[in-house]
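Chain and residue survey
One letter stands for each residue in the lines below.
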2 protein chains.
Amino acid sequence: MPRNFADALLDAIQAKGAPVCVGLDPAYDRLPDKLRRRASDEVEETEGIGEFCHVVLEIVAPIVPAVKIQSAYFERYGSVGVDLYGLIVERARDLGLVVIGDVKRNDIGPTAEAYARGHLSPRMSAYGPVDRNPDAITVNGYFGADGLEPFVQTARDEGKGVFVLVRTSNPSAAVIQDFADASGRKFYEHLAEQVAAIGSAPGLIGNSGYSCVGAVVGATYPDEARRLRSIMPQQVFLVPGYGAQGATAADCAAAFKEDGTGAIVNASRSVIFAHKDKKYAGMDWEQAVESAAREFAEDIRRAVGAKG
Amino acid sequence: MPRNFADALLDAIQAKGAPVCVGLDPAYDRLPDKLRRRASDEVEETEGIGEFCHVVLEIVAPIVPAVKIQSAYFERYGSVGVDLYGLIVERARDLGLVVIGDVKRNDIGPTAEAYARGHLSPRMSAYGPVDRNPDAITVNGYFGADGLEPFVQTARDEGKGVFVLVRTSNPSAAVIQDFADASGRKFYEHLAEQVAAIGSAPGLIGNSGYSCVGAVVGATYPDEARRLRSIMPQQVFLVPGYGAQGATAADCAAAFKEDGTGAIVNASRSVIFAHKDKKYAGMDWEQAVESAAREFAEDIRRAVGAKG
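Fair warning: this is a prediction, and the values are worked out from it, not measured in the lab.

On to the pairing of strand E1 (residues 20–24) of chain B, then. All names here are of chain B. Counting buried residues in E1 gives 5 out of 5 residues, a clear majority hidden from the surface. Here 3 bridges tie E1 to strand E10 (residues 263–267), and the two strands are oriented parallel to one another. Residue pairing in the sheet places valine 22 in a bridge with alanine 267 of E10. Taken together, the 4 bridges between E1 and strand E2 (residues 66–70) define a ladder with parallel strand orientation. Bridge pairing in E2 links valine 22 to valine 67.

Written out as structure tokens, the structure is:
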């Protein structure tokens, strides 16, 4: 059996001393000026994106345990972008980072299985298996158990992980996800119960006590994160919303257990596009990314440490 | 302004005389024997899949107005598969088919916008725009309005469509999606109300009275389809579940209005893998696909016609 993903993630967090993840959302029009050539076509845009991602990975690898790579900014360019996504995943892993592919895939039966194999399993080439796929992916749970099972089985068999979207961090999430039953129980809590049940099946729980089936729980709603923490004791939470989306380190701390484990906080734009923040004026963009990554890690480390 | 997607789809349905769509879910291990070479690597598998899809498209193009292409079976092979997906979309459109890309993407803000551009907009090459993207895609609505807006705006601007997953056809859908409030209103009905509101914004409704924002409503639950029909009067329903998933033509008819408009029924495996059905024993696989496509179209045409 391959190693459990949650165990590997927790070890990586401990080694770096901070439960944080940098999100690579490389929108071309937000890249530092010097990386935006006068692109005459989209292939040239992907070259700028590739260079940017490579440099960001080298800067953050000594500071953070994990990166989350947002597939949309690569799919934007069709197969050329998908190729680049694979190369960036591979480079991140070579640098010792745990890699989460933010793909939010969802479907049922054999189709979900095809997604799981395409996004989690090594692929077979004439030269043997090539693994340019991430260590874990995000998935959308709206199909219920039979949509999640193929992803969960692949994760178990390949030593990989899945993070199921439970409560998202965007403003209109509440309109949809807070739909409540007669007892006041909300839809996302109902979904969380399903995730907890699916994630506790045999073979999914590591030595750490956590499952390779985790959950995405937005930091912008800390009271909800606390309730979800008790509904899903064995799930590692991937927590978006820090920084650009407005959540503070104290908000994020709600997603952790008292012992400081159980979650990893993601920041994307506030780190990778730090050169746009006047706080870092006068630095070159690489220095801005490094400073922002270090401050982010320290901010979360302190808030989570203060909890215990 | 480009033409409204719903108008174009309704015209195509009228021209072919049947509100049906063939789903291309080309799982390699289900292809006809003669297309499964002794593949030594995955590139050779994609060659078999490509040949299969090309032949199926030629067979069904005179019979049905639309095809739904399931992205998972292409993403399964990374960038090589994504390239093939674009070629199959282009070929289908050249044959006069309306093309629905079944991608079920979902995210928020700029990330959803990147997905929308990657999967709906033409892409810019050094030689000008190249449109190997489908006429419409499926999306998952769990993020709510601010996750759907970027897809909807792109669809409006490009003359394309989106189908939001509302009620899926799989067995465990009920456990998740039937979660009800104190008045008995179900989660998927709540989502349907959001889709109806989002889809009625200015610029989205065509001359037909239908919106370029449609909904996926599984045929396996006809009573629910009837209720959803009244909640979403301006949405075209994309109806999965016929055939392999067990829904009959009469079940599917529940998704249509009395005038026989408002929905398109999809069948995937029961048509493209008809060679595996003993009903078609003795036919070569191409004849089996043609017979199954004709019977499917006739079955739905009769059931919907009987409604008026």
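And the narrative resumes.
With that out of the way, let us pick up the relation of the copies chain B and chain A. Superposition record for chain B on chain A: RMSD 0.0 Å, screw rotation 180°, translation along axis 0.0 Å. Taken together, the turn and the small shift mark the pair as related by a two-fold rotation axis. The overlap is high: 98% of the interface residues of chain B also sit at the interface in chain A, so the same surface is used on both sides.

Here helix H8 (residues 187–198) of chain A is 12 residues long and its end C-alpha atoms lie 17 Å apart, about the 16 Å a rise of 1.5 Å per residue gives. Buried residues dominate H8(A), accounting for 10 of its 12 residues.

Moving on: the sheet that holds strand E8 (residues 213–217) of chain A. Residue and element names in this part refer to chain A. Strand order in the closed barrel formed by 8 strands is E1-E2-E3-E6-E7-E8-E9-E10, with parallel pairing between adjacent strands. Mean inter-strand twist for the sheet, computed between neighbouring axes without regard to direction, equals 30°. Relative to strand E10 (residues 263–267), strand E9 (residues 237–239) is paired through 3 bridges, and the arrangement is parallel. In the sheet register, phenylalanine 237 faces E10, and the bridge partner there is alanine 263.

Of the residues lining the interface, 64 residues belong to chain B; the matching set on chain A comes to 63 residues. When chain B packs against chain A, the two sides together hide about 5,200 Å² of surface, and 57% of this comes from carbon and sulfur. On the chain B side of the contact with chain A, Tyr142(B), Ile176(B) and Phe179(B) bury the most area, a combined 17% of that side's loss. On the surface where chain B and chain A come into contact, there are 4 salt bridges. When the shortest N-O distance is used, the salt bridge between Glu75(A) and Arg105(B) registers 2.7 Å. A total of 7 residues in the side of chain B that touches chain A trace back to one element, the largest contributor, which is helix H5 (residues 109–120) of chain B.

On to the packing of aromatic side chains, then. The geometry of an aromatic ring pair is captured by two quantities: the separation of the ring centres and the angle between the planes. All names here are of chain A. Taken as a whole and judged by the stated rule, the model has 16 aromatic pairs over all chains. Taking 4.9 Å as the distance between ring centres and 35° as the angle between the ring planes, the aromatic pair formed by tyrosine 242 and phenylalanine 296 counts as tilted. With tyrosine 242 in the loop between E9 and helix H10 (249–253) and phenylalanine 296 in helix H12 (residues 285–305), the pair connects residues that are 54 residues apart, well separated along the chain. What makes tyrosine 242 buried here is its relative accessible area of 14%.

Residue and element names in this part refer to chain B. For helix H9 (residues 222–231), the full list of buried residues reads Pro222, Glu224, Ala225, Leu228 and Arg229. One side of H9 carries all its buried residues, which in axial view fall inside an arc of 150°. Counted as exposed and oriented over 90 degrees from the buried face of H9: Asp223 and Ser230. On its buried face, H9 is in contact with strand E7 (161–167), helix H8 (187–198), strand E8 (213–217), strand E9 (237–239) and helix H10 (249–253).

A word on the confidence of the model for chain A. For chain A, the average pLDDT comes to 95, and 99% of its residues sit at 70 or higher. ipTM for the predicted complex: 0.97, alongside a pTM of 0.97.

So, about the nonpolar core. Core analysis: the largest hydrophobic core is formed by 218 residues, its most contacted members being Val67(A), Met232(A), Val67(B) and Met232(B). Not counting the four nearest positions on each side in its chain, Val67(A) is found in contact with Cys21(A), Val22(A), Leu24(A), Leu57(A), Val60(A), Ala92(A), Leu97(A), Val98(A), Val99(A) and Ile100(A).

Right, let's talk about the sheet that holds E2(B) for a bit. Residue and element names in this part refer to chain B. Around the barrel, which closes on itself, the 8 strands sit in the order E1-E2-E3-E6-E7-E8-E9-E10 with parallel pairing between neighbours. Within the sheet, the average angular offset between the axes of one strand and its neighbour, ignoring direction, is 30°. Across the face of the sheet, helix H2 (residues 42–60) comes into contact with E1 and E2 while running at roughly 170° to E1.

Calculation rules
Residues numbered from 1 in each chain as written. Chains lettered and ligands numbered in written order. Predicted model: local features only at pLDDT ≥ 70, side-chain atom pairs only at ≥ 80, totals over all residues. Heavy atoms only, no water. Buried < 20%, exposed > 50% of the residue type's maximum accessible area, 1.4 Å probe, protein only. Helix = DSSP H or I, 4+ residues; strand = E, 2+ residues; numbered from the N terminus. Pairing = 2+ DSSP bridges. Least-squares fit on C-alpha atoms with pLDDT ≥ 70 in both. Contact = heavy atoms within 4.5 Å. Expected span 1.5 Å × (residues − 1). Axes fitted to C-alpha atoms, helices over the stretch in contact; angles between N-to-C directions. Buried area = accessible area lost by both parts, 1.4 Å probe. Salt bridge = Lys/Arg side-chain N within 4 Å of Asp/Glu carboxyl O. Phe/Tyr/Trp six-rings, centres within 6.5 Å; stacked < 30°, edge-to-face > 60°. Arc of directions from axis to C-beta. pLDDT = per-residue confidence, 0-100. Core = buried A, V, L, I, M, F, W, Y, C linked by side-chain atoms within 4.5 Å.

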